Amino acid sequence: MKLRTVARLLALSWVALLAPGAPAAAGVWDAWLHRIRASGAARVEVVELLPRAEDGGSDSLRLRLTLQPPGFLRIEHADRSQAVVIRPDGGELLDHRMKQWVRLRADQARRAAGVWRLLLDPASRLGGARVGPRRYLVRLPAEEGWMADSLWVTVTSDSLPRRLDLSGETEMTLELKRWRFLRPLRRDHFRLACPSGYAAVDWP
Amino acid sequence: MKPARRGFLLGGAVMAALFLGPGCAPRVVSPPELGPLELRQRFERNWVQRAQRARSVEAPLSVWSSLPSLGKLPGLDALVWMGAPDSCALLVNGFFGPLLKAWVLGDSLTVWWPDRKAALRADAARDSMGLERPGSWVSAALAAMWSPPDEAWRSAQREDSLLVVAWKDETGRRRRLGVGSDGLPRRFEFEVASGRRALARYPEWRVVEGVAWPMRIELEDDPKSWSATLRVGRLRFPGPAERRSLAARVPPGAELWSWERLRRALMRSPLGGG
């Protein structure tokens, strides 16, 4: 068994013991959620690192994420080639390279939001514990169908997420930089229209 | 200007237009129709050129497909590497980076889903894939490398603008290849099982580095249960130093999945990622 896997299992069992109280992780989660709510919306630059199994390296992808409670997300590629919006009632994906617009139903949009919707979830639903200075381990609820079972969160000195490491069925690292808190955005910021000449497709 | 002089100039212009106009206009010239022998020679010259280049091909690919039960599916953005005659690799990109990687080599198919650390392995000799030697089929379909036997050319017949060559393969299944007047394959029809046929159309070709290559490939089966259109982007023929290995590379410890599990999981993850 890999050292990393052993460490993960140990950490998870420790968190399981601590979960009923779990004030530390919930506290830090609440802190940034409170800041987003107080301001209305937040925007952050994200670098996604995906491990490459073939040679041990990783691929990186630059994204821009906009969050607005309750449940509004907009994720754009930094090169503007693709964007996706998620709302409680569904969402859309716009892909300029393929010239296509894909409509997502509410359940599909929720799944598509993946780990991102965690950033808008009430902390009380998440078990977790502090595992080091500015570092927390969050146990993801199994019934949600996440592709990961645990999430390591590293926060900045003012308690904003700086790095998220997902582990479990999927492994991924997200580095978050330049948090900006914004006034509430208009709801049409979380809608994407189908440009003329683009293929409009419903996700099956 | 005096009226007489103006009339003279106008008349001159009209005369010039009448005499010179037809000479300057582009003339529509029908190419002489080639006989079956010349067409075959042209086809074979193109085929040999493509076969040489098909040993190392790299190209972006966009794939549009539809299924009668689900309608039009979202398009896929992919990269393809080809090592004819029997190997191909395909990388499909998702919103959050690489979504799937697939290798077809000879009899085998391997799919690797990095997000889920899951793999699918299938072998034509063992599993029911609907195709024998999938590596050869995929390579042939992408490069239009269909090759009728000698005797089939002798009974070739004209159908509209195509010369159609029909034959049966070693298993007795029918094949029909339609060749255009430029010697390039336009359609290939083949029996995949009794009562089931598949069709590949090649409506667009472009000359890349001196070789005519299919840039749009339309695939469907009959009775129609699926169809796909593949558009080839900027095509490259990497030299030996740049060539990638097309052997499947799945890390140890990957969970082995079935087709059904892979299909269900893909449908559940519209964008890939966590």
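**Concerning the overall build of chain B**
Now for step 1: Secondary structure assignment for chain B yields 5 helices and 15 strands.
Now for step 2: Evaluated residue by residue, chain B yields a buried proportion of 44% over its 274 residues.
Now for step 3: Taking as baseline every contact in chain B between residues at least 6 positions apart, the subset at least 24 positions apart corresponds to 48%.
Now for step 4: Only carbon and sulfur atoms are counted for the fraction: they give 56% of the accessible area of chain B, which is about 15100 Å².

**Observations concerning the overall build of chain A**
Now for step 1: Looking only at helices and strands, chain A features 3 helices and 12 strands.
Now for step 2: The buried share of chain A, taken over its 204 residues, is 51%.
Now for step 3: Pairs at least 24 apart in sequence give 50% of the contacts found in chain A among residues at least 6 apart.
Now for step 4: If you sum the accessible surface of chain A, you get close to 9700 Å²; carbon and sulfur atoms cover 52% of it.

**Some points on empty space enclosed by the protein**
All names here are of chain B.
Now for step 1: This model, assessed by the stated rule, comprises 2 cavities of 30 Å³ or more.
Now for step 2: Size it by volume and the second largest cavity reaches roughly 70 Å³.
Now for step 3: Lining the second largest cavity are Val 57, Ala 59, Leu 61, Val 80, Met 82, Leu 142, Trp 213, Val 232 and Leu 235.
Now for step 4: Looking at which element gives the most residues to the lining of the second largest cavity, the answer is strand S1 (residues 57–67), with 3 residues.
Now for step 5: Tallied by class, the residues present in the lining of the second largest cavity amount to 9 nonpolar, no polar and no charged.

**Observations concerning the confidence of the model for chain A**
Residues and elements named next belong to chain A.
Now for step 1: Summary statistics for chain A give a mean pLDDT of 81 and a share of 78% for residues scoring 70 or more.
Now for step 2: Residue range residues 1–7 is modelled with pLDDT below 50. Its contacts to residues more than four positions away, or to other chains, number 3 contacts.
Now for step 3: Confidence drops under a pLDDT of 50 for residues 9–23, and excluding neighbours within four residues, the segment shows 19 contacts in the predicted structure.

**Some remarks on helix H3 (residues 134–143) of chain B**
Now for step 1: With 8 of 10 residues buried, H3 of chain B lies mostly within the body of the structure.
Now for step 2: In the stretch just after H3 of chain B, Ala 144 of chain B is the one whose phi turns positive, near 55 degrees.

**Some remarks on the packing of aromatic side chains**
Residue and element names in this part refer to chain B.
Now for step 1: Using the criterion set out here, one finds 13 aromatic pairs over all chains in the structure.
Now for step 2: Summarising the aromatic geometry, the rings of Trp 113 and Trp 257 are spaced 5.8 Å apart at their centres and angled 90 degrees between planes, so their arrangement reads as edge-to-face. Linking Trp 113 in strand S6 (residues 108–113) with Trp 257 in the loop between strand S15 (255–256) and helix H5 (259–268), this pair joins segments that are 144 residues apart in sequence. Of the two residues, Trp 113 and Trp 257, neither departs from the other in class, the shared state being buried.
Now for step 3: By way of ring pairs, the aromatic residues Trp 137, Trp 146, Trp 167, Phe 188 and Phe 190 are connected into one cluster.

**Some details on unusual backbone geometry**
Now for step 1: That bond from Pro 69 of chain A to Pro 70 of chain A is cis: its omega, 0 degrees, falls within 30 degrees of zero.
Now for step 2: Residue position: Pro 70 of chain A is located in the loop between strand S2 (58–68) and strand S3 (72–77).
Now for step 3: Residue Pro 85 of chain B is bonded to the preceding Ala 84 of chain B through a cis peptide linkage, with omega at 15 degrees.
Now for step 4: The backbone phi angle of Ala 144 of chain B is positive, close to 55 degrees, even though this residue is not glycine.
Now for step 5: For Ala 144 of chain B, the location among the structural elements is in the loop between H3 and helix H4 (150–154).
Now for step 6: For Glu 209 of chain B, which is not glycine, the phi dihedral falls at a positive 50 degrees.
Now for step 7: As for its position among the elements, Glu 209 of chain B is in the loop between strand S12 (196–208) and strand S13 (211–222).

**Quick look at the interface of chain B and chain A**
Now for step 1: Each side of the interface is counted separately: chain B has 31 residues, and chain A has 37 residues.
Now for step 2: Contact between chain B and chain A buries roughly 3000 Å² in total, counting both sides, with carbon and sulfur atoms accounting for 63%.
Now for step 3: Joining chain B to chain A, the criterion identifies 1 salt bridge.
Now for step 4: Here chain B and chain A share 3 residue pairs in polar contact (both at pLDDT 80 or more) between them.
Now for step 5: Going through the elements one at a time, S1, strand S3 (76–83), strand S5 (97–105) and H5 of chain B are the ones with two or more residues in the side of chain B that touches chain A.
Now for step 6: Per-class residue counts for the side of chain B that touches chain A are 16 nonpolar, 7 polar and 8 charged.

**Observations concerning the pattern of salt bridges**
All names here are of chain B.
Now for step 1: Under the criterion given, the structure shown has 31 salt bridges over all chains.
Now for step 2: The partner of Arg 53 in a salt bridge is Glu 209, with the nearest N and O atoms 3.6 Å apart. Within this pair, whereas Arg 53 is found in helix H2 (residues 36–53), its partner Glu 209 is found in the loop between S12 and S13, the two being separated by 156 residues in sequence.
Now for step 3: Given a relative accessible area of 27%, Arg 53 falls into the partly exposed group.
Now for step 4: Each of Arg 201, Arg 216, Glu 218, Glu 220 and Lys 224 takes part in salt bridges that share partners, so that together they form one network.

**A short note on the environment of Met 82 of chain B**
Residue and element names in this part refer to chain B.
Now for step 1: Relative to the helices and strands, Met 82 resides in strand S3.
Now for step 2: In the structure, Met 82 is positioned 90 residues away from Gly 172 in sequence and 28 Å away in space, judged by C-alpha atoms.
Now for step 3: Apart from the residues within four sequence positions on either side, Met 82 is in contact with Ala 54, Arg 55, Ser 56, Val 57, Ser 87, Cys 88, Ser 139, Leu 142, Ala 143, Trp 213 and Leu 246.

**Some remarks on the nonpolar core**
Across soluble globular proteins, nonpolar side chains have a tendency to be buried as a group.
Now for step 1: Counting residues in each nonpolar core, the largest one holds 63 residues, and the members touching the most others are Met 82, Trp 146, Tyr 202, Trp 213 and Leu 235 of chain B.
Now for step 2: Those residues in contact with Trp 146 of chain B that lie beyond four places of it in its chain are Phe 43, Trp 47, Trp 137, Ala 140, Ala 141, Leu 177, Phe 188 and Tyr 202 of chain B.
Now for step 3: One finds Val 28, Leu 67, Val 153 and Leu 174 of chain A within the second-largest nonpolar core, a separate group that totals 43 residues.

The rules behind these values
- Residues numbered from 1 in each chain as written.
- Chains lettered and ligands numbered in written order.
- Predicted model: local features only at pLDDT ≥ 70, side-chain atom pairs only at ≥ 80, totals over all residues.
- Heavy atoms only, no water.
- Helix = DSSP H or I, 4+ residues; strand = E, 2+ residues; numbered from the N terminus.
- Buried < 20%, exposed > 50% of the residue type's maximum accessible area, 1.4 Å probe, protein only.
- Contact = heavy atoms within 4.5 Å.
- Areas by Shrake-Rupley, 256 points an atom, 1.4 Å probe, with all protein chains shown as cover.
- 1 Å grid on protein atoms, 1.4 Å probe; cavity = no way out; pocket = protein on both sides within 12 Å on 5 of 7 lines; lining within 4 Å.
- Points joined across faces, edges and corners; volume = space filled by probe spheres on them.
- Nonpolar A, V, L, I, M, F, W, Y, C, P; charged D, E, K, R; others polar.
- pLDDT = per-residue confidence, 0-100.
- Phe/Tyr/Trp six-rings, centres within 6.5 Å; stacked < 30°, edge-to-face > 60°.
- Buried area = accessible area lost by both parts, 1.4 Å probe.
- Salt bridge = Lys/Arg side-chain N within 4 Å of Asp/Glu carboxyl O.
- Polar contact = N/O pair within 3.5 Å; in protein donor to acceptor, adjacent residues only side chain to side chain.
- Core = buried A, V, L, I, M, F, W, Y, C linked by side-chain atoms within 4.5 Å.

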